[in-house]
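Inside the fold
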Amino acid sequence: MSTRVKICGITRVEDARMAWAAGADALGLNFYLRSPRYVTPEVAAALARTRPALGAVVGVFVNESPDVIRARVRDCGLTSVQLHGDEPPEACAGYGVPIIKALRVRGPEDVEKARTYVGAGDVATLLLDGAAPGYGGGGVGFDWSLVARLADAGVPVLVAGGLNPGNVREAVRATRPYGVDVASGVEVSPGVKDAEAVRAFVRAVKTLAWE
Ligand SMILES: O=C(O)c1ccccc1NCC(=O)[C@H](O)[C@H](O)COP(=O)(O)O
């Protein structure tokens, strides 16, 4: 099984090109105004134009209005939408692209909450993140053993939160996820990626085989 890698919070075209070349499967572009990784629609469109034929460009939104999300999908070349706020299951549809619903995990109750999104609207994938202040990108992990609670849910799961080149193999071994996602663990500063760290992260995941 090959584990997918999403590098989140790309803000610079040179970092996008570097991440694709390193073997990333998906890049995340952050449209949350309060994020230090926020990108304008114009920058996002330029970043999306770097997408290789088999790559995914994911727009990250927090409690954003549906009209704004639809406009960003249309104008910025997004191939998926990641809802990273408090959006209820009934809000997870209507963008014309697959949805990744992110849930911040503090304990088993949050994984149970994640289950309520399975089969809802256009939710194609769940992302389990740590409970960092400010919704995401804070380098905070969670108890990986909780991922097993979704094993029978029949939905692909991305594991995120506090991952870095040094711990991502352990995370993959522990959770056997569809994919992993990282923002701060491969950065020089928020929004500026560390090329060596991105390469090491992708290499660590892609060279780990599991059945
Ligand atoms: O990265 C952000 O600044 C951010 C802000 C608000 C909502 C989501 C955000 N990032 C989304 C991601 O998918 C991150 O990769 C995920 O939260 C993990 O971040 P990190 O622990 O820094 O790897």
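Residues numbered from 1 in each chain as written. Predicted model: local features only at pLDDT ≥ 70, side-chain atom pairs only at ≥ 80, totals over all residues. Heavy atoms only, no water.

Concerning the packing of aromatic side chains
Our working definition: The rule is short: rings of Phe, Tyr and Trp, with Trp giving its six-membered ring, pair when the centres are within 6.5 Å, and they are stacked under 30 degrees, edge-to-face over 60, tilted in between. The way it works is that DSSP assigns letters per residue, a run of H or I at least four long becomes a helix, a run of E at least two long becomes a strand, and they are numbered from the N terminus. Exposed residues in this analysis have more than 50% of their type's maximum accessible area, buried residues have under 20%, and partly exposed residues fall in between, with area computed by a 1.4 Å probe over protein chains only. Should the NZ of a Lys or the CZ of an Arg lie within 6 Å of a ring centre and within 35 degrees of the ring normal, that charge is described as sitting over the ring.
Inspection of every chain in the model, using the stated rule, returns two aromatic pairs. On the numbers, 5.0 Å between centres and 5° between planes, the contact of F31 with F61 is stacked. One end of the pair, F31, is in the loop between β2 (26–30) and α2 (41–48); the other, F61, is in strand β3 (residues 56–61), with 30 residues separating them in the sequence. Considered together, F31 and F61 belong to a single accessibility category, that of buried residues. Measuring from ring centre to ring centre gives 5.9 Å for Y32 and Y135, while their planes differ by 85°; the resulting arrangement is edge-to-face. Here Y32 is found in the loop between β2 and α2, whereas its partner Y135 is found in the loop between β6 (123–129) and β7 (157–159), with 103 residues between them in sequence. Residue Y32 is classed as buried on the basis of its relative accessible area of 16%. We note K101 situated over the ring of Y117; from NZ or CZ to the ring centre the distance is 5.4 Å.

Some thoughts on unusual backbone geometry
Here Y135, not a glycine, exhibits a phi torsion of approximately 80°, which is positive. Despite not being glycine, R176 has its phi angle at roughly 45°, a positive value. In this structure, R176 sits in the loop between α5 (168–175) and β8 (179–182).

Quick look at the UniProt feature "domain: N-(5'phosphoribosyl) anthranilate isomerase (PRAI)" (unreviewed entry) in the protein
Threshold: UniProt positions are given in the numbering used here, feature names are shortened, and annotations may be inferred rather than shown by experiment.
Using the residue numbers shown here, the UniProt feature "domain: N-(5'phosphoribosyl) anthranilate isomerase (PRAI)" (unreviewed entry) corresponds to residues 5–203. End-to-end, the C-alpha atoms of residues 5–203 are 10 Å apart, and along that stretch the chain is 27% helix and 22% strand.

Let's talk about the pattern of salt bridges
Test applied: What makes a salt bridge here is a side-chain nitrogen of Lys or Arg within 4 Å of a carboxyl oxygen of Asp or Glu, nothing more.
Applying the stated criterion across every chain, the model contains 13 salt bridges. Between K101 and E87 there is a salt bridge, with the nearest N and O atoms lying 3.2 Å from each other. Of this pair, K101 sits in strand β5 (residues 99–104) while E87 sits in the loop between β4 (80–83) and β5; the two residues are 14 residues apart in sequence, bridging distant segments of the chain. We classify K101 as buried; its relative accessible area is 0%. Note on E87: relative accessible area 7%, which makes it buried. Beyond isolated ion pairs, a larger network of salt bridges with shared partners links R12, E14 and D15.

So, the layout of surface pockets
For clarity, the threshold we go by: The rule is simple: put a 1 Å grid over the protein atoms alone, call a set of points where a 1.4 Å probe fits but cannot get out a cavity, call an open set with protein on both sides within 12 Å along at least five of seven lines a pocket, and count a residue as lining if it has an atom within 4 Å of a point. Grid points are joined across faces, edges and corners, and a volume is the space filled by probe spheres set on the points. Note on residue classes: Ala, Val, Leu, Ile, Met, Phe, Trp, Tyr, Cys and Pro are nonpolar, Asp, Glu, Lys and Arg are charged, and everything else, Gly too, is polar.
Space inside the largest pocket adds up to approximately 360 Å³. Lining the largest pocket are 30 residues, and of these R37, G136, G137, G138 and A183 lie nearest its centre. For the lining of the largest pocket, the class distribution of residues is twelve nonpolar, 14 polar and four charged.

Some details on the side chain of N167
As a reminder, the rule being used: By definition, residues are in contact when any of their heavy atoms lie within 4.5 Å.
Looking at where N167 falls in the secondary structure, it is placed in the loop between β7 and α5. The exposure class of N167 is buried, given its relative accessible area of 17%. Ignoring sequence-local partners within four residues, the contact set of N167 consists of W144 and G162.

Regarding α5
Filter applied, for reference: Working note: the arc is built from the helix axis to C-beta atom directions.
Looking at α5, one finds that the buried residues are V168, A171, V172 and T175. Taken end-on, α5 shows its buried residues confined to a sector of 95°, consistent with a single buried face. Contacts made by the buried residues of α5 are with β7, β8 and α6 (195–206). Directly beyond the C-terminal end of α5, a positive phi value near 45° is found at R176.

Some points on the site of the ligand
Keep this limit in mind: What makes a residue near a molecule or strand is one non-hydrogen atom of that residue sitting within 4 Å of it. N or O atoms closer than or at 3.5 Å make up a polar contact, with two conditions inside protein: a donor-capable atom paired with an acceptor-capable one, and, for residues adjacent in sequence, both atoms drawn from side chains. Computed with the Shrake-Rupley method and a 1.4 Å probe, the accessible areas treat only the protein chains shown as cover for residues.
What surrounds the ligand is a group of 24 residues, the closest being S35, R37, D129, D181 and S184. The contact in question runs from an oxygen atom of the ligand to an N or O atom on the side chain of Q82, over 3.1 Å. A distance of 2.9 Å separates an oxygen atom of the ligand from a polar atom in the backbone of A183. For the ligand, whose accessible area on its own is 520 Å², the fraction buried by protein is 99%. Secondary structure elements with two or more residues in the shell around the ligand: β1 (4–8) and β8. A breakdown of the residues in the shell around the ligand according to their chemical character gives eight nonpolar, twelve polar and four charged.

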